[in-house]
Amino acid sequence: MLASHFDSLVSKLPSLSTSDHASVVALNLFVALLCACIVLGHLLEENRWMNESITALLIGLGTGVAILLISKGKSSHLLVFSEDLFFIYLLPPIIFNAGFQVKKKQFFRNFVTIMLFGAVGTIISCTIISLGVTQFFKKLDIGTFDLGDYLAIGAIFAATDSVCTLQVLNQDETPLLYSLVFGEGVVNDATSVVVFNAIQSFDLTHLNHEAAFHLLGNFLYLFLLSTLLGAATGLISAYVIKKLYFGRHSTDREVALMMLMAYLSYMLAELFDLSGILTVFFCGIVMSHYTWHNVTESSRITTKHTFATLSFLAETFIFLYVGMDALDIDKWRSVSDTPGTSIAVSSILMGLVMLGRAAFVFPLSFLSNLAKKNQSEKIKFNMQVVIWWSGLMRGAVSMALAYNKFTRAGHTDVRGNAIMITSTITVCLFSTVVFGMLTKPLISYLLPHQNATTSMLSDDNTPKSIHIPLLDQDSFIEPSGNHNVPRPDSIRGFLTRPTRTVHYYWRQFDDSFMRPVFGGRGFVPFVPGSPTERNPPDLSKA
């Protein structure tokens, strides 16, 4: 009996291996395409028009065309798009690495402006896009949409993708501009997802002032609680690693714990229906400020490159897949009878995206400049144009939200939903390829090569790489030389006297209360028997 059972299992093995063979082939091809993206991206590094994002997108498109021809028009992609794949596996390493490697001094120095652009600006853009599609779509025969659908479209197309611009900007030469574009991009993604989820969960059939305030309160609640959860998770990891000091036995445990705690912060946010993007971003900031300094030197090098590599691979994977999925024949077949309508919808959306960007970038920049006395800290007009341009590209976040709203398991038979999916694909492709290719020439024209003049804000140990920015930076160092400022003998002297900033008071609080508990720079772990132990550092100078 056992022998017959074994024979039946053996007889099934060929059929099992045959069913799995297609998946193995698809994964092999996808890995090979990722390798091709990396190699071509390196070869085109100095190209005036191309960057790695566009390269991956075009390779995806080319692969999709090849698969369409081989399959005789039946399929164009290797994997089925899944929002879970994007939001749970690909997005967390990208956002965490952004927080982990952010120049904290610049980020928090411009925090108010970043929040204006990233939160308030996104809501303004969402509102303008929603109002625009409400007016234009009613005149087009694309199906029946309600208020919730129009607001969701506004949130979908308010989500920017500033990767192309960040790959061109140099944060050492234009620290203010890089900080604003970088910070706005992260906060924008978080705000778009929070607004989208809030719209999905609210009953908008009876919208009134009370419901509007409730929606705003829910948004602020998610924003604040997500930030606190990320900071708390980062502090817990710092405290555990500082107290237990895994490095004396195994540096692998340090690295593993940092990676798992980072991912845990995102999953906890999803568990409690908070914003995982905000949570993992601020977890990255806190872990780079405390946890990273509590591990051994070898663990610092390992985590620095591991987080950067995972983020890079996830970004490349996303652009590659978006390019392939853009040629999904099932979606385009639904709108093939009315190509003019699809083109009109895409054009309207692209125009509203540009208008929505301009409606907040230039007015908010003006308001921000009014509050700044130092001329070097003001956002000049050429910088405002770059900020406006950097937010015109649409990418994976818009795609994922559109799939979430207008498809079921990646498919839809409703014509209006199919038009929205194909229009989203068209806008993402057009904006990324066309605007992305024009980014380098535009920035070269608006921002001719200049030397970094902000020595007060620069750090000597900053790596000269877009993908691996500052990791061992100090926080908010108050400029020296202000200790012996003479007392002013006039009102003018009083007004022009240097004042102690929020950064100064935070540094005092950090040194007095936070670092003694959670570690950070000045807490230098050592491996027994290592040169660090034989020559212990003078912590009194740290």
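The rules we used
Residues numbered from 1 in each chain as written. Predicted model: local features only at pLDDT ≥ 70, side-chain atom pairs only at ≥ 80, totals over all residues. Heavy atoms only, no water. Helix = DSSP H or I, 4+ residues; strand = E, 2+ residues; numbered from the N terminus. Buried < 20%, exposed > 50% of the residue type's maximum accessible area, 1.4 Å probe, protein only. Contact = heavy atoms within 4.5 Å. Areas by Shrake-Rupley, 256 points an atom, 1.4 Å probe, with all protein chains shown as cover. Salt bridge = Lys/Arg side-chain N within 4 Å of Asp/Glu carboxyl O. Disulfide = S-S within 2.5 Å. Patch = residues over 30% accessible without salt bridge, like charges linked within 9 Å, V, L, I, M, F, W, Y side chains within 5 Å. Axes fitted to C-alpha atoms, helices over the stretch in contact; angles between N-to-C directions. Parallel < 35°, antiparallel > 145°, perpendicular 65-115°, else oblique. Left-handed = near helix turned anticlockwise from the far one by under 90°. Nonpolar A, V, L, I, M, F, W, Y, C, P; charged D, E, K, R; others polar. Expected span 1.5 Å × (residues − 1). Bend = angle between axes of the 7 residues up to and from the residue. pLDDT = per-residue confidence, 0-100. 1 Å grid on protein atoms, 1.4 Å probe; cavity = no way out; pocket = protein on both sides within 12 Å on 5 of 7 lines; lining within 4 Å. Points joined across faces, edges and corners; volume = space filled by probe spheres on them. Core = buried A, V, L, I, M, F, W, Y, C linked by side-chain atoms within 4.5 Å. Phe/Tyr/Trp six-rings, centres within 6.5 Å; stacked < 30°, edge-to-face > 60°. Lys NZ or Arg CZ within 6 Å of the ring centre and 35° of its normal.

### Notes on the overall build of the chain
Part 1 of the argument: Counting its secondary structure elements, the chain contains 20 helices and zero strands.
Part 2 of the argument: Looking at the chain as a whole, 51% of its 542 residues qualify as buried.
Part 3 of the argument: In the chain, 83% of the contacts between residues at least 6 apart in sequence involve partners at least 24 apart.
Part 4 of the argument: Approximately 26400 Å² of the chain is accessible, and the part contributed by carbon and sulfur atoms is 65%.

### Some points on the pattern of salt bridges
Part 1 of the argument: If you walk through the whole model with that rule in mind, you get seven salt bridges.
Part 2 of the argument: R300 serves as the salt-bridge partner of E297, at 3.6 Å between the closest nitrogen and oxygen. Placement of both E297 and R300 in helix 12 (residues 297–325) is noted, with a separation of three residues, approximately one turn of the helix.
Part 3 of the argument: Classification of R300 by relative accessible area gives buried; the value is 13%.
Part 4 of the argument: The shortest N-O distance in the salt bridge between D511 and R507 comes to 2.9 Å. With a gap of four residues between them, D511 and R507 both fall in helix 19 (residues 502–518), about one helical turn apart.
Part 5 of the argument: Given a relative accessible area of 34%, D511 falls into the partly exposed group.
Part 6 of the argument: Taking the relative accessible area as the measure of exposure, R507 reaches 19% and is therefore buried.
Part 7 of the argument: Here the salt bridges do not stand alone but share partners, grouping R507, D510, D511 and R515 into one network.

### Structural notes on the state of the cysteines
In a disulfide, the sulfur atoms of two cysteines are held together by a covalent bond.
Part 1 of the argument: All told, the structure shown has zero disulfides when counted by the stated rule.
Part 2 of the argument: Sulfur of C35: no disulfide; nearest cysteine sulfur belongs to C37 and is 9.1 Å away.

### Regarding a nonpolar patch on the surface
Part 1 of the argument: Residues W49, F430, V434 and L438 make up a contiguous nonpolar surface patch of roughly 330 Å² in combined accessible area.
Part 2 of the argument: When you line up the elements, F430 lands in helix 17 (residues 415–446).

### Considerations on the packing of helix 3 (residues 83–100) against helix 11 (residues 276–294)
Part 1 of the argument: In the contact formed by helix 3 and helix 11, the axes pass within 7 Å of each other and the chain directions differ by 45 degrees. Relative to helix 11, the element helix 3 lies oblique. Between helix 3 and helix 11 the crossing geometry is right-handed. Here L91, P92, I95, F96, A98, G99 and F100 of helix 3 lie close against helix 11, whose contacting residues are I277, V280, F281, C283, G284, I285, M287, S288 and W292.
Part 2 of the argument: Its residues placed into classes, the contact of helix 3 with helix 11 shows 13 nonpolar, three polar and no charged.

### Section: helix 17
Part 1 of the argument: Counted at 1.5 Å a residue, the expected span for helix 17 with its 32 residues is 46 Å, and the 43 Å between its end C-alpha atoms agrees.
Part 2 of the argument: Taken as a whole, helix 17 carries its principal kink of about 40 degrees at T439; the proline P441 stands between one and four residues after it.
Part 3 of the argument: Most of helix 17 sits out of view: 23 of its 32 residues are buried.

### Some details on the confidence of the model for the chain
Part 1 of the argument: Scored by pLDDT, the chain comes out at a mean of 79, with 79% of its residues at no less than 70.
Part 2 of the argument: Predicted confidence for residues 9–16 stays below pLDDT 50, and this span has zero contacts to residues more than four positions away or in other chains.
Part 3 of the argument: In the model, residues 450–498 has pLDDT below 50 throughout and makes 87 contacts with residues more than four positions away in sequence or in other chains.

### As for empty space enclosed by the protein
Part 1 of the argument: All told, the structure shown has six cavities of 30 Å³ or more when counted by the stated rule.
Part 2 of the argument: Each pocket or cavity is described by its volume, and for the largest cavity that value is around 670 Å³.
Part 3 of the argument: Lining the largest cavity are 37 residues, and of these I94, V163, L166, F182 and E315 lie nearest its centre.
Part 4 of the argument: Among the secondary structure elements, those contributing two or more residues to the lining of the largest cavity are helix 3, helix 4 (104–109), helix 7 (163–168), helix 8 (175–201), helix 12 and helix 16 (396–406).
Part 5 of the argument: Considering every element that reaches the lining of the largest cavity, the biggest residue donor is helix 8, with seven residues.

### Notes on unusual backbone geometry
Leave glycine aside and you will find that most residues have negative phi; peptide bonds, for their part, are mostly trans.
Part 1 of the argument: Within the chain, D273 stands out as a residue other than glycine whose phi angle is a positive 60 degrees.
Part 2 of the argument: Examined against the element boundaries, D273 turns out to sit in the loop between helix 10 (251–271) and helix 11.

### Quick notes on the nonpolar core
Part 1 of the argument: Counting 127 residues, the largest nonpolar core has F137, F157, F281, L349 and M420 as its most contacted members.
Part 2 of the argument: When residues of this core are assigned to their parent elements, the largest contribution, 14 residues, is made by helix 8.
Part 3 of the argument: Not counting residues up to four positions away in its chain, the partners in contact with F157 are I129, L349, V353, R394, S398, M420, T424 and V427.

### Details of the environment of L349
Part 1 of the argument: Examined against the element boundaries, L349 turns out to sit in helix 14 (residues 339–370).
Part 2 of the argument: On the accessibility criterion, L349 (0% relative accessible area) is buried.
Part 3 of the argument: Sequence separation of L349 and F157 is 192 residues, and the distance between their C-alpha atoms is 7.8 Å.

### Some points on the packing of aromatic side chains
Part 1 of the argument: Here the structure, examined in full by the defined rule, presents 23 aromatic pairs.
Part 2 of the argument: For the ring pair F30 and F317, a centre distance of 4.7 Å and an interplane angle of 35 degrees mean the geometry is tilted. Taken together, the positions of F30 in helix 1 (residues 2–43) and F317 in helix 12 put the pair 287 residues apart, joining distant regions of the chain. Of the two residues examined, F30 and F317, each falls in the buried class.
Part 3 of the argument: Where W506 meets F509, the ring centres are 5.9 Å apart and the plane angle is 40 degrees; that geometry is what we call tilted. Taken as a pair, W506 and F509 lie in helix 19 at a separation of three residues, close to a single helical turn.
Part 4 of the argument: With a relative accessible area of 38%, F509 lands in the partly exposed category.
Part 5 of the argument: The ring of W292 is capped by R300, whose NZ or CZ atom sits 5.5 Å from the centre of that ring.

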